[in-house]
Amino acid sequence: MNKTENNKAWFLVLPVVILVAFSAVIPLMTVVNYSVQDIFGPGQRFFVGDEWFRETLRDPRLHEAFLRQLLFTGTILAIQIPLGIAIALTLPTKGWGVSACLVLLALPLLMPWNVVGTIWLIFARTDIGLAGWSLAQLGIDFNFTGDPLHAWITVVVMDVWHWTPLVVLLCYSGLRAIPDAFYQAAQVDGAGAWAVFRYIQLPKLTGVLTIAVLLRFMDSFMIYTEPFVLTGGGPGNSTTFLSQFLATAAVGRFDIGPAAAFSIIYFLFILLFSWLFYTAITRISTGTR
Amino acid sequence: MIENPLEWMAWTVPTAIFFATIATMLVAMTVWEVVSPTIQRRGFLPISTTRGDRFFIGLLTSAFIHVGWIAFTDLSLWIALAIAAVWMVIVMRYG
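Presented here is a report on the structure given in the accompanying data block. (Residues numbered from 1 in each chain as written. Chains lettered and ligands numbered in written order. Predicted model: local features only at pLDDT ≥ 70, side-chain atom pairs only at ≥ 80, totals over all residues. Heavy atoms only, no water.)

1. Description of the interface of chain B and chain A
In this assembly, 26 residues from chain B lie in contact with 25 residues from chain A. In total, chain B and chain A occlude about 2400 Å² of area from one another, counting both sides; carbon and sulfur atoms represent 70% of this. Summed over the three residues of chain B that lose the most area to chain A, namely Met9, Phe64 and Ile70 of chain B, the buried surface amounts to 21% of that side. Residue Asp74 of chain B pairs with Arg54 of chain A through a salt bridge whose shortest N-O separation is 3.6 Å. Taken together, the links from chain B to chain A amount to eight residue pairs in polar contact (both at pLDDT 80 or more). (Contact = heavy atoms within 4.5 Å. Buried area = accessible area lost by both parts, 1.4 Å probe. Salt bridge = Lys/Arg side-chain N within 4 Å of Asp/Glu carboxyl O. Polar contact = N/O pair within 3.5 Å; in protein donor to acceptor, adjacent residues only side chain to side chain.)

Structure representation (structure tokens):
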């Protein structure tokens, strides 16, 4: 392979490098420094070694938040992926309906996350909210601020409403990319609707589904704004997910050391998932397995 | 009272050594790459990797080895470091 020896173009990247250094690398290094110290104020700090990591990793509240996070992420994936595929399969393939459906589906994705939280906060209220009021009229004692189960259902439904369209759009594009020849061959062989789905559509969707699963996994793993606005992590701690747990520790209690240790552990997980995501996408796009 | 501009970053000797080590490794990897460019290959890892990929995989898994060590044992972290170092060599050589 012939390599170009002119590397002057690298200097054009320099502004970005400097910017990233100031906005990401230096703060990250500072967080690492904070995570091994007990800091009372400027000039008043003591080296504590791995104490915060030990404390954080063995904190039962963190374990609960982590399990809650896994449960939440698992739940929304189990709903959004099949639902997304199903909706994508039923969407029209030609005519004015295509644009109409796609625009309607894209609307939730365009909303700022705190607005989504606010919408559902009002929507779920039993006195003025349509959903809450309807449930109350049906005789259900719906109270998402007091009942942990109701709070969970509200948060999950909100996330499904907010993010299923992303899965739908990805699957729809994947389905449109399947050449007609496959369907014609299936018709010749007398394949039923299920066989077409199982042996043609689903295998062809593997790529976009990997992207959808990883995107939704990472996003839901970092979810903060919507539950923060909707339930504030309550009732009790029942909808406190990882990032809210972190924010409470860092901002609420000013425990900079433990919050830094937790940030690093959290960062490692996000880094792992991002790497998996990146590897999966590059391998799909280059066609290697 | 902030005497020097780096005080807000709250540097300690161990973290300074840590970052210096990482930086040295990155520089060494760069030099290595310039001297003899990497060839993508397939080892025991399920994907074909370049040298840099294996370096990253080694570092990330090493971090998780340490996290797991702290979470599940009360033993010295130096043992975790030794395991991570051996693992790093294995990944770089056979990964």
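2. Details of the packing of helix H9 (residues 193-221) of chain A against helix H12 (residues 256-286) of chain A
All names here are of chain A. At a minimum axis distance of 10 Å, the contact between H9 and H12 shows a crossing angle of 165°. When the axis of H9 is compared with that of H12, the two are roughly antiparallel. Of the two elements, H9 crosses H12, and the hand of that crossing is left-handed. Counted together, Gly207, Thr210, Ile211, Leu214, Leu215, Phe217, Met218 and Phe221 of H9 and Tyr266, Phe273, Ser274, Leu276, Phe277, Ala280, Ile281 and Ile284 of H12 form the full contact between these two elements. (Axes fitted to C-alpha atoms, helices over the stretch in contact; angles between N-to-C directions. Helix = DSSP H or I, 4+ residues; strand = E, 2+ residues; numbered from the N terminus. Parallel < 35°, antiparallel > 145°, perpendicular 65-115°, else oblique. Left-handed = near helix turned anticlockwise from the far one by under 90°.)

3. Quick word on the pattern of salt bridges
Applying the stated criterion across every chain yields a total of nine salt bridges over all chains. Measuring nitrogen to oxygen at the nearest pair gives 3.6 Å for the salt bridge that ties Arg68 of chain A to Glu64 of chain A. Here Arg68 of chain A and its partner Glu64 of chain A are both found in helix H3 (residues 60-90), four residues apart, which amounts to about one turn of the helix. By relative accessible area, Glu64 of chain A is classed as partly exposed at 42%. One continuous salt-bridge network, built from bridges that share partners, spans Asp50, Arg54 and Arg58 of chain A together with Asp74 of chain B. (Buried < 20%, exposed > 50% of the residue type's maximum accessible area, 1.4 Å probe, protein only.)

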